[in-house]
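Each chain is listed here by its residues.
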Amino acid sequence: MRQRDGDGMTTGITGSSEHVGDSTDGTEAEGETGVPFDPDATGVIPRLSIPKGPTGPAPDTAADVADADDDGDDEADTGTLPAIRLPATLHIGSPPKAPEGSKEPTESKDPQRPEGPQEHKAAKEPKEAEGPQAPKAAKEPKGAKGPGADEAVSATDDDATGTVPTKVAATPVASLAVEAPPAPAKAPVEPPSTAPTNTPATAPTETPAKTPAKAPAATEPAPAKAKGLGERLRRLGRSAPMWLPALLTVEGLIMYVLALRVAPGPLRGVNPADINGLGLIAALPASAFAAILIMLVSFFVTVAQSTDRKFLLLFQIAVITFALHGAGSLVASEPRFPTAYIHAGFVDFIGRTGETAISIDARMGWPGYFALFAFVTKAAGISDMTTILQWTPLLTNLLYLLPFVLILRQVVATTRARWYAALLFVLVQWIGQDYFSPQGFTFALYLAFVAILLRWFGRVEPRTKPIPPKGLRKLLGRLDAMTPGEIANTGTFRADRLLMLLMLLALFFAATASHQITPFMMLGVVTAFLIFKRTKLTWALPFFLGLAVLAWISYETVGFWAGQIDAIFGGLGRILTNLQRNTGDRIAGSDPAHALVLQARLGILVVILALAATGLFRRLRRGVVDRAALILLCVPVLALGLQSYGGEIGLRIYMFALPGACLLAAYAFFPNLPADSADVREETVPMRKRNVRFNPELTRKLSVVLAACFAVVFAGAFLIARYGNEKFERVTTGEVAAMHYIYAHDKPSAKVLYLTAKEGPEVTPTLPWGEKDIELVNFNGQALVYQDPTNIAKAVATLKASPRNTYLAVSTGQIAYLQLNEGFPADWGARFRAALDASPDVKKVYANKDAALYTWKKFVKGTEIPEPLPYVGRGDPTSPWTPVGLAALALTWVTLFGYEVIRLNGPNRAVKARRRLLWVAIPAFAVAVGVIIERFIYIASNT
């Protein structure tokens, strides 16, 4: 592996595929001559700078051009001749005068030549020659650039005219006018007008030599005066690639914020009344789209450069994330997405009572996320979570970028591929699970879990076995022998690995206590990494983690599964049914405009998967197999065979598959290996050679242009897919006020009926429900309504059959949902409220332009408001073998963890101790799993 410092190529495979120029420290001379470069050698003539022209040698093949230009991994062609090494004892007549500022006579110390007075004299002679004629000598070479070029031309002129220097002495070639390259550790050569500072102190004429050297410099015209405004503008234009992307990004950000926050007017502002079936995109001004386009252009201007400007690129992606994922927060007056309010209610309940109540809601069986925020809000004295709910989507997406960028740093890809994958990750994540919710939080834990696996426990080993001669094993063998798509990390300290192992366990336990699906995704990734040999961990870890998940479900969520075993496990294996409920059922019966939103979501899914397949194919043609990306893409799909998860399992699968899909999709445009890989001259290693290749310069530009076009299309599709439900996902101030009225009148209890076109347990209210007093207010009541707004008989009958202090809630969010998804007419809401107002059996107790609350008018005299149902804390049912199972759990975890810690030292360390631990862990694991099964059977049959 070649390493370069300074302006050269970055060391290692870090994603930087740039080669700005040749190094000046002698490494290039070493690479071309095959002789180690000695900075103190006296027989080396450096490269002579020559201009490139049409008469230069043309590349032999198109592949030679591709090595330098393909896919943006450029290597600068300096147009220099290789170094020529001559014997150090070669003498050529008389030495010419050394160039001013040369330090070679004083700094060069040859151990084979004793240093004496003559040598001091020779070192002094160049200084005595300095005077008024020195500038004239410096001006003689015309057309030369740089000190090395000046010296080369001077030497050539002397040879052509046959002039002989006046001072004749036998000296090595190093004393010629052609100066050898300085050593890397030494300071750069000073300009001719500056006197040397390292002249020996014994020189008798040191002071007189300095005086005449300064006189010409004083009379020489200053270069700055010759440069006018035009030269400054040209220099500013040449440096535009450095400052223009940052300026465009800031300009687009300011323009976007002003476009969304100012009062509605021409080309600016957002009027909520303009939101229709297409969602928020119908109300965005044209200036907002222009601002997003400016941000994307600035990003690709930066990416197109052959420089890995990490901080600028990360800032640009963060700004694009703010523009896309923060649009709802900028426009809405209240926190959007109604389900976020019930999660805030869980936090409020835990903070008030210090308990969890799974009998109130099944999500309380995984209270880790809610307990964390209950602790934070109570410790910080926060009583109103409105601001937290408002900005959680944006902050969550910014949090996703950190571990995902770390994942991208662990793959063998060019700078463009990595940052384009990060941009795709922002553009295609429309699913909206990043609100104040456990699934949004645990997805960040999942990304950090994968990043630690790749960074500290990644495994990349070349295949040593011979490839089988035929059959499927031959194909698998060829795939196994390809270049790995991941970076192998070596030299990690054992203490670091132990700390990261503890971090892995902490992330997994936090996800297990907070969400139902995320720990299974983590477990699947670890298992797949072990199967495909992409981690240094052992099989003890997946057994350890799998037992933790089963134990949490068995011991901590009894109130959830005790009475509904069939509902939990009934969807196992029903892949086609679950797929239908997550795709076709979401499109049928929709409003025509809103159907475009749902079709846009499926379109994004199809396109990103097609790009991922294309990227995988292009990488395979280059002899690279990306196992980690394939694992991250395919493992989440296995969850489709579990259950429909309320019709949302497809959304969760899409979310967890995004990291792998975006990485492979980026390879569709930038599939090459970085230029600083092990084989620099041949950037790619295709499985089969192609006889004809396109012009690499053209394909490199087309790749960037196509990637930019897809990014613009994805940005527009994102606004449709993400904010297509904005008409009923946005929460208005009037709806929040109506709910606060109920909280003020919920003593000792209250009940809310919400509107629905079809009754069922999977239909949730489109209301900001449950923000407070979740143990007092019951939101499980459903009022069936019809497309005919005058048909209120069913809703009134349900209200009559409900206990006292029951409210029928009518809100703009519910009406919009019925219009867009159930085909209700546009004026249905106003006519339905008018019918309720005219009914003699109900009365309106609260109303504003966004919501209204109705209750039964003719309660029987003497009826009282019922007491709320008592919530169940601890005291869940158990089984006779539970104590044995708990002991077996503890023993299994201790032994498996000890085995994994010992294994961190290496595969051959403490083999006997590890074997003893396994002999204890295996039977303990069997007992623990047996007790868990026994609990499922015993408790379910006795409940």
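The model shown is predicted, which means the values in this text are computed figures rather than measured ones.

Basis of the calculations
Here the residue index of a chain counts from 1 through its sequence in written order. The predicted origin of the model limits local features to residues at a pLDDT of at least 70 and limits the giving and counting of side-chain atom pairs to 80 or more, whereas totals for whole chains, interfaces and linings rest on all residues. The side-chain figures draw on all heavy atoms in the structure; neither hydrogens nor water molecules are used. For patches, a residue must show more than 30% relative accessible area and have no salt bridge; joins then use 9 Å for like charges and 5 Å for nonpolar side chains, namely Val, Leu, Ile, Met, Phe, Trp and Tyr. Every accessible area reported is derived by Shrake-Rupley at a probe size of 1.4 Å, with residue values counting cover from the shown protein chains alone. Take a side-chain nitrogen of Lys or Arg and a carboxyl oxygen of Asp or Glu: if they are within 4 Å of each other, that pair is a salt bridge. Going along the chain from the N terminus, every DSSP run of H or I of four or more residues is numbered as a helix, and every run of E of two or more is numbered as a strand. Every residue is assigned a pLDDT by the predictor, reflecting its confidence on a scale from 0 to 100. Contact definition: two residues touch when any of their heavy atoms are within 4.5 Å. Among buried residues, the Ala, Val, Leu, Ile, Met, Phe, Trp, Tyr and Cys ones that are joined through side-chain atoms within 4.5 Å form a nonpolar core. Exposure classes here rest on a 1.4 Å probe applied to the protein chains alone. A residue is buried below 20% of its type maximum, exposed above 50%, and partly exposed in between. We call Phe, Tyr and Trp rings a pair once their centres come within 6.5 Å, taking the six-membered ring for Trp, and we label the pair stacked below 30 degrees between planes, edge-to-face above 60, and tilted otherwise. Criterion for a charge above a ring: Arg CZ or Lys NZ at most 6 Å from the ring centre, at most 35 degrees from the ring normal. Charge assignment in this entry is limited to Lys and Arg as positive and Asp and Glu as negative, and neither His nor the chain termini are counted. The definition of a polar contact used here is a pair of N or O atoms within 3.5 Å, where within protein one atom must be able to donate a hydrogen and the other to accept one, and adjacent residues in sequence count solely through side-chain atom pairs.

## With respect to a nonpolar patch on the surface
Argument step 1. A surface patch of nonpolar side chains, amounting to about 690 Å² of accessible area, comprises Leu 229, Leu 233, Leu 236, Met 242, Trp 243, Leu 244 and Leu 247.
Argument step 2. For the nonpolar patch, the element with the highest residue contribution is helix 10 (residues 240–261), accounting for four residues.
Argument step 3. For Leu 236, the position within the fold is in helix 9 (residues 229–238).

## Some details on the confidence of the model for the protein
Argument step 1. Per-residue pLDDT for the protein has a mean of 76; in total, 69% of the residues score no lower than 70.
Argument step 2. Contacts for the low-pLDDT stretch residues 1–219, under 50 throughout, to residues beyond four places or in other chains number 270 contacts.
Argument step 3. Taken as a whole, residues 677–689 scores under 50 in pLDDT and shows 34 contacts with residues more than four places along the chain or in a different chain.

## Here's the deal with the nonpolar core
Argument step 1. Tyr 256, Tyr 420 and Tyr 446 are the most contacted members of the largest nonpolar core, which totals 129 residues.
Argument step 2. Per-element accounting of this core gives the leading share, 15 residues, to helix 28 (residues 649–667).
Argument step 3. Counting residues in each nonpolar core, the second largest holds 37 residues, with Phe 346, Tyr 743, Leu 776 and Phe 779 among its members.

## Let's talk about the packing of aromatic side chains
Argument step 1. This model, assessed by the stated rule, comprises 32 aromatic pairs.
Argument step 2. Seen from their ring centres, Tyr 400 and Phe 443 are 5.0 Å apart, and the 85 degrees between their planes marks the pair as edge-to-face. Within this pair, whereas Tyr 400 is found in helix 16 (residues 386–408), its partner Phe 443 is found in helix 18 (residues 438–457), the two being separated by 43 residues in sequence.
Argument step 3. Judged by relative accessible area, Tyr 400 falls into the buried class, the value being 0%.
Argument step 4. For the ring pair Phe 710 and Phe 714, a centre distance of 6.3 Å and an interplane angle of 45 degrees mean the geometry is tilted. Linking Phe 710 with Phe 714, this pair stays in helix 29 (residues 696–722), spanning four residues, or about one helical turn.
Argument step 5. With relative accessibility at 30%, the residue Phe 710 sits in the partly exposed group.
Argument step 6. Through a chain of ring-to-ring contacts, the aromatic side chains of Phe 299, Phe 300, Tyr 420, Phe 669, Phe 670, Phe 710 and Phe 714 assemble into a single cluster.
Argument step 7. The ring of Tyr 667 carries Arg 619 above its face, with NZ or CZ at 3.9 Å from the centroid.

## As for the side chain of Asn 397
Argument step 1. Its location among the elements puts Asn 397 in helix 16.
Argument step 2. Setting aside its immediate chain neighbours within four residues, Asn 397 contacts Thr 321, His 325, Gln 429 and Asp 434.

## Observations concerning the side chain of Glu 334
Argument step 1. Locating Glu 334 in the fold gives a position in the loop between helix 13 (327–331) and helix 14 (339–353).
Argument step 2. Arg 730 is the oppositely charged side chain nearest to the buried, salt-bridge-free Glu 334, at an N-O distance of 9.9 Å.
Argument step 3. Within the structure, Glu 334 has its side chain in polar contact with the side chain of Thr 733 (distance 3.4 Å).

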